[in-house]
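Residue strings, one per chain:
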Amino acid sequence: MTTETIISIFLGIGLSASVGFRVFVPLFALSLAAYFNLWELNDSWQWIGSLTAVVTLGVATLVEIFGYYIPYIDNLLDTIAIPLATIAGTAVMVSTIADLGPVITWALAIIAGGGTAAAVAGSSGVTRLTSTATTGGVANPIVSTVETGTSIVMSVLSLFIPVLAFIFVVAILYLIFRVYKKIKRSKSKTT
């Protein structure tokens, strides 16, 4: 495996985690990066760097971000976010991985890309449900702002410093795991 291949895997995993927070932010960032020739995509994914894709993904990004600030719509978006994030995380990995065969590329894309996106999206959805239940939705805009900001930061880090983005992804997944274990432990004590 070459250094370029490893960096492309780190990029894909970083963007996949970002997809877990906001589906369209990392896709838009990747589209911009491809449009301005900052990152070269696989041949079958060159379309994502077209002006049409940039505009379409930009509009979708704005609609998604603002949708999370509308009560009830935010919870509806979380309901569809996990399957969409899984698909988008897989697609991002496939589009960015360099110099690997199709079997390895798709296996990595499904497991690392889709899996990372699904884990982050699932924990994000639980956070919003908890916020809705405990604050009546008053804190949801704060949660939305943090998620959007994290998605933007992760997308930028992934494109410019993929190794650091990968380290952040590992830290995020570790935090998700710790919170899950804590919740599981507290539930087992109450039963």
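The shown structure was predicted, so the numbers you read here are calculated from the model rather than taken from an experiment.

(A) Summary view of the overall build of the protein chain. The secondary structure content of the protein chain amounts to seven helices and zero strands. Helices and strands in the protein chain line up, N terminus first, as α-α-α-α-α-α-α. A globule of 191 residues ought to have a C-alpha radius of gyration of about 16 Å, and the protein chain, at 17 Å, matches this closely. For the protein chain, the spread of C-alpha atoms along the three principal axes comes to 50 × 35 × 25 Å. Burial analysis of the protein chain (191 residues in total) assigns 44% to the buried set. Summarising the internal contacts of the protein chain: among those between residues at least 6 apart in sequence, 69% fall at separations of at least 24. Here the protein chain displays about 10,100 Å² of accessible surface, and carbon together with sulfur accounts for 76% of that area. Side chains of the protein chain carry 9 positive and 8 negative charges; the gap between the two charge centres is 27 Å.

(B) View of the environment of Gly49. Examined against the element boundaries, Gly49 turns out to sit in the loop between α2 (24-35) and α3 (51-67). With a relative accessible area of 14%, Gly49 lands in the buried category. Separated by 21 residues in sequence, Gly49 and Phe28 have C-alpha atoms that sit 9.5 Å apart. In contact with Gly49, not counting residues within four places along its chain, are Ser31, Ala34 and Tyr35.

(C) Local environment of the pattern of salt bridges. Under the defined criterion, the tally for this structure stands at three salt bridges. Of the charged contacts in the structure, one is a salt bridge between Arg22 and Glu147, with a shortest N-O distance of 3.1 Å. Of this pair, Arg22 sits in the loop between α1 (3-21) and α2 while Glu147 sits in helix α6 (residues 140-160), and the two are 125 residues apart along the sequence. Judged by its relative accessible area of 0%, Arg22 falls in the buried class. Residue class for Glu147 comes out buried when judged on its relative accessible area of 4%.

(D) The arrangement of the side chain of Ser124 in detail. Here Ser124 is to be found in helix α5 (residues 102-135). With residues near it in sequence (within four places) discarded, Ser124 still touches Gly20, Asp78 and Glu147.

(E) Here's a closer look at the confidence of the model for the protein chain. This prediction gives the protein chain a mean pLDDT of 91; 99% of its residues lie at or above 70. At the level of individual helices and strands, the protein chain shows its lowest average pLDDT in helix α7 (residues 162-190), which scores 85, and its highest in α3, which scores 96.

(F) Representation of α2. Compared with an ideal rise of 1.5 Å per residue, which puts 12 residues at 16 Å, α2 spans 16 Å between its outermost C-alpha atoms and is within 8% of the ideal. Taken together, the buried positions of α2 are occupied by Val25, Pro26, Leu27, Ala29, Leu30, Ser31, Ala33 and Ala34. Those residues of α2 hidden inside the fold are in contact with α1, α3, α4 (73-96) and α6. Note on α2: the residue one or two positions beyond its end, Asn37, has a positive phi of about 60 degrees.

(G) Representation of unusual backbone geometry. Within the chain, Tyr72 stands out as a residue other than glycine whose phi angle is a positive 75 degrees. If you trace the backbone, Tyr72 turns up in the loop between α3 and α4. A relative accessible area of 72% places Tyr72 in the exposed class. Even without being a glycine, Asp99 presents a positive backbone phi close to 65 degrees.

(H) The arrangement of α6 in detail. Spanning 21 residues, α6 covers 30 Å between terminal C-alpha atoms, matching the ideal 30 Å at 1.5 Å per step. Contacts made by the buried residues of α6 are with α1, α2, α3, α4, α5 and α7.

(I) Quick peek at the environment of Asn140. Mapped onto the elements of the fold, Asn140 is located in helix α6. C-alpha separation for the pair Asn140 and Ala107, spaced 33 residues apart in sequence, amounts to 35 Å. Ignoring anything within four residues of it in the chain, the contact list for Asn140 reads Asp74, Asn75, Arg128, Ser131 and Thr132. Polar side-chain contacts of Asn140 include one of 2.5 Å to the side chain of Ser131.

So, how was this worked out
Residues numbered from 1 in each chain as written. Predicted model: local features only at pLDDT ≥ 70, side-chain atom pairs only at ≥ 80, totals over all residues. Heavy atoms only, no water. Helix = DSSP H or I, 4+ residues; strand = E, 2+ residues; numbered from the N terminus. Rg over C-alpha atoms; globule rule 2.2 N^0.38 Å. Buried < 20%, exposed > 50% of the residue type's maximum accessible area, 1.4 Å probe, protein only. Contact = heavy atoms within 4.5 Å. Areas by Shrake-Rupley, 256 points an atom, 1.4 Å probe, with all protein chains shown as cover. Lys, Arg positive; Asp, Glu negative; His and termini not counted. Charge placed at Lys NZ, Arg CZ, Asp CG, Glu CD. Salt bridge = Lys/Arg side-chain N within 4 Å of Asp/Glu carboxyl O. pLDDT = per-residue confidence, 0-100. Expected span 1.5 Å × (residues − 1). Polar contact = N/O pair within 3.5 Å; in protein donor to acceptor, adjacent residues only side chain to side chain.

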